[in-house]
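Close look at the chain arrangement
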Amino acid sequence: MNYRCVTNITELKEYIGNHKIIAFDFETAPTDKFRDCDKAALDPYKAVIAGISLSVAEGSAVYLPLRHRIGSNAVDIKGIMNYLKTEIFENKGIIKIAHNLSFETMFLYHIGIVVQPPCYDTIAASQLTLKNSTEFRNLSDSGLKTLVPELYNVEMPKFEDVTKGRHFDELDPQDPETIRYACADSDYTLRLFYTINSWFDRFLPKHRILTEELESPTAMYVGIMKHNGLLVDKELMLSKQKEAEERLTLLKDEIAFFIGDVDIGANASTAAFKNYLYKDLQLPVLKTTAKYQEAADDEAMILLSDWCRQHRPDLVKLFELVQEYRKWGKIKSTYIDGYLEFINSETGRIHPDLFPLGTETGRFSSRRPNLQNMPRPDGDVIGVRSFIIAPDGKVLLSLDFSQIELRVGGFYCRDEKMLETYRTGGDIHAQTTSVIYRIPFEQAIDKNAEYYKERRTIAKNCNFGTFFGLFPKGLQKTLKFKAGLDTSLSECEQIISNLKAGYPRLSDWQEEVKKKAEVRKYTETFLGRRRYLPNISSSDWGKKSFAQRCALNTPIQGTAADILKLAIVRIMFGLPQRDWLKPLLQIHDELVFEVPEGKVNEAADFIKSCMEVVPFEGFDVPIIAEASVGVTFGKMKELEE
């Protein structure tokens, strides 16, 4: 291997030369204050870039030591970083490659550098390659230490073996082992770039386009969001924590009045409580678990509560208390204790991990903490969203795609009623109310009409399940447990029958998609993001039915996710000219930012222009992004045009 250490800008420039494809990797180390803190080296607020390795050719790399505590460092760190910034990181003529690009982006953003496309994240690329005939690699299959031995039959040096308990800046940068460790990362990242692209070109060319044009720029955006984090009102959280504890104690005492000293635990799901319900009280088993045991989840509690209304009215209050106890238990453990745990001591902010390839459809997922399951504004009983605040002089700005999945569904199925509703700025929920109840549109949209609220609720639930193969029992269950409506099975059957008759192209499209998926054994988004469905031809009805729903779900949900990522890429291009615009969070179809109070309209206009553009040729349904603003995430108001 041609690996070496360079300490001056002349050597660095000679190595880079005129190469247009460059892989890079950072070695980081904690600052003095955080030397004893676990994982501080991964936090740009607690660590620095100790050194950078770069590779322009396979088998070749240089290591640039910046802040080692022994040995010789680069003499002109400022000059070198300016060179890297202008000539590489922000140079739109250079392809920048990294393995886990969001990490490097986060550290560069911290020092005022916004990496610009073209870029390439080999960890995202790996996740878009197959590990067997029907499964794509997941994140745990895509680490450098996993891929290199598998693809090149080379064991890479382990961090622990090289550092021997020290931080990386405590190693001598001229030591061959230090150089080898640092340079191998960028060298093999460059090799992966060529290897994976060769695989894409042979087997899945569209996945190369997704990697280069969507996932890699999105990875950089994720690094910026993680860096910025979400400022939280810790005092409010501690106040709500105390309120939740008091409420839980009170509820537990009230439940004990019914059941005595039976241990219900933190979530009223202990074996003792289940035994009390099903053995002591002899209540019927209305739902079982996957292992055919008596269920005690929320759905089971609702079913038992309904049964008791007719047969054991004396127990109805117990189930109401249990459901309330569980609700407050989740609020405390997930949204208060869970969020408090991840407040960064240096920033007072939560910096969640966001995964742009966290689901098989290409939608984001989140952890540490999971902000994707944050309560919706209309169901936020304790004010969880109000934990997230803007600093003085700034506000939170949210841009949310309006009904993007329904619009994508209309684009796919080509139903004229749906298309006309969106093209004229109509109300799709009112249109569906009109269709399934066979009433005039004027009556469906009239808020004073009889049954308006109930019918609209049913129409909304139909719309969000329409494209995914809605069954009468599934609709009945959804309406009961999500909307609190008791709808008979025959009424659900009639609703679905009317829905199909009112949107005639819908059923045709669904059948076409299922047949195509059964032949190809996969489904895909409009841009070619593929999902394999090996069970689409299964003789097991349950497996086949699930695969068919995936065949219908993926083109819509996945295409909507791709449209969001296309918008993110456009925003990335505009960030260097708007250093005051701070991306904070992606949640469902929504992007959240922190902006100065005087820049709200300018920011909203720019982001809307990135989100509402026609996403790809042929997409003929208007896309609408709705803006809202507020000083807390829980009290956002629609931004007037």
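Further up the page is the structure itself.
The paragraphs below set out a description of the structure included in this document. What you are looking at is a predicted structure, and each value in this text was computed from that prediction instead of being measured.

Once that is clear, we can look at the overall build of the protein. The helix and strand inventory of the protein stands at 22 helices and 17 strands. The principal-axis extent of the C-alpha atoms belonging to the protein is close to 85 × 60 × 55 Å. With 641 residues in all, the protein has 55% of them scored as buried. A fraction of 67% describes how many contacts in the protein between residues 6 or more apart in sequence connect residues 24 or more apart. Carbon and sulfur atoms provide 50% of the accessible area of the protein, an area that totals close to 29000 Å². Across the protein, 83 positive and 91 negative side-chain charges occur, with their mean positions spaced 3 Å apart.

This part takes up the sheet that holds strand β17 (residues 637–638). As summarised here, the arrangement of the five strands in space is β14-β15-β11-β16-β17, forming an open sheet in which the pairing is antiparallel. This sheet does not close on itself; its edge strands, each paired only once, are β14 (582–587) and β17. Relative to strand β15 (residues 590–596), β14 runs antiparallel, the two sharing five bridges. Residue L585 lies in a different strand from β15, and its bridge partner there is V592.

Our focus in this paragraph is helix α8 (residues 205–228). Compared with an ideal rise of 1.5 Å per residue, which puts 24 residues at 34 Å, α8 spans 34 Å between its outermost C-alpha atoms and is within 8% of the ideal. At T211, α8 shows its largest bend, some 45 degrees. Extensive coverage of α8 is indicated by the burial of 17 of its 24 residues. Remark: G229 follows α8 within two positions and exhibits a positive phi of approximately 65 degrees.

Our next topic: the packing of aromatic side chains. When we look at a pair of aromatic rings, we describe it by the centre distance and by the angle of the planes. Taken as a whole and judged by the stated rule, the model has 25 aromatic pairs. Between F411 and F526, the aromatic rings sit 5.5 Å apart at their centres with planes inclined by 65 degrees, giving edge-to-face as the arrangement. In this pair, F411 is assigned in helix α13 (residues 404–413) and F526 in the loop between β12 (522–524) and β13 (530–532), connecting sequence segments 115 residues apart. A residue is classified by how much of its surface remains accessible, and F411, at 8% relative accessible area, is buried. Residue class for F526 comes out partly exposed when judged on its relative accessible area of 36%. Here the basic side chain of R455 rests over the ring of Y437, its NZ or CZ set 4.7 Å away from the ring centre. Above the ring of Y522, the side-chain terminus of R530 is found at 3.8 Å from the ring centroid.

The next thing to look at is the environment of V629. Along the chain, the position of V629 falls in strand β16 (residues 625–630). Sequence separation of V629 and T466 is 163 residues, and the distance between their C-alpha atoms is 32 Å. With sequence-adjacent residues up to four places away left out, V629 is seen in contact with V395, L396, L397, V600, K635, M636, K637 and L639.

Here the focus is the pattern of salt bridges. Counting across every chain of the model gives 46 salt bridges. For D201, the salt bridge goes to R208, with nearest N and O atoms at 2.8 Å. With relative accessibility at 46%, the residue D201 sits in the partly exposed group. On the accessibility criterion, R208 (23% relative accessible area) is partly exposed. In this structure, E212 engages R208 in a salt bridge whose closest nitrogen and oxygen atoms are separated by 2.8 Å. A residue pair is termed a helical-turn pair when its members lie 3 or 4 positions apart in one helix, as E212 and R208 do in helix α8 at four residues. Through salt bridges with shared partners, a single network forms among D32, R35, R69, D169 and E170.

Turning to the pairing of strand β1 (residues 2–5), a few remarks are in order. Alternating positions in β1 separate cleanly, Y3 and C5 being buried on one face and N2 and R4 remaining unburied on the opposite face. Pairing between β1 and strand β4 (residues 60–65): four bridges, direction parallel. Directly across from R4, in β4, lies its bridge partner V62.

Rules behind the numbers
- Residues numbered from 1 in each chain as written.
- Predicted model: local features only at pLDDT ≥ 70, side-chain atom pairs only at ≥ 80, totals over all residues.
- Heavy atoms only, no water.
- Helix = DSSP H or I, 4+ residues; strand = E, 2+ residues; numbered from the N terminus.
- Buried < 20%, exposed > 50% of the residue type's maximum accessible area, 1.4 Å probe, protein only.
- Contact = heavy atoms within 4.5 Å.
- Areas by Shrake-Rupley, 256 points an atom, 1.4 Å probe, with all protein chains shown as cover.
- Lys, Arg positive; Asp, Glu negative; His and termini not counted.
- Charge placed at Lys NZ, Arg CZ, Asp CG, Glu CD.
- Pairing = 2+ DSSP bridges.
- Expected span 1.5 Å × (residues − 1).
- Bend = angle between axes of the 7 residues up to and from the residue.
- Phe/Tyr/Trp six-rings, centres within 6.5 Å; stacked < 30°, edge-to-face > 60°.
- Lys NZ or Arg CZ within 6 Å of the ring centre and 35° of its normal.
- Salt bridge = Lys/Arg side-chain N within 4 Å of Asp/Glu carboxyl O.

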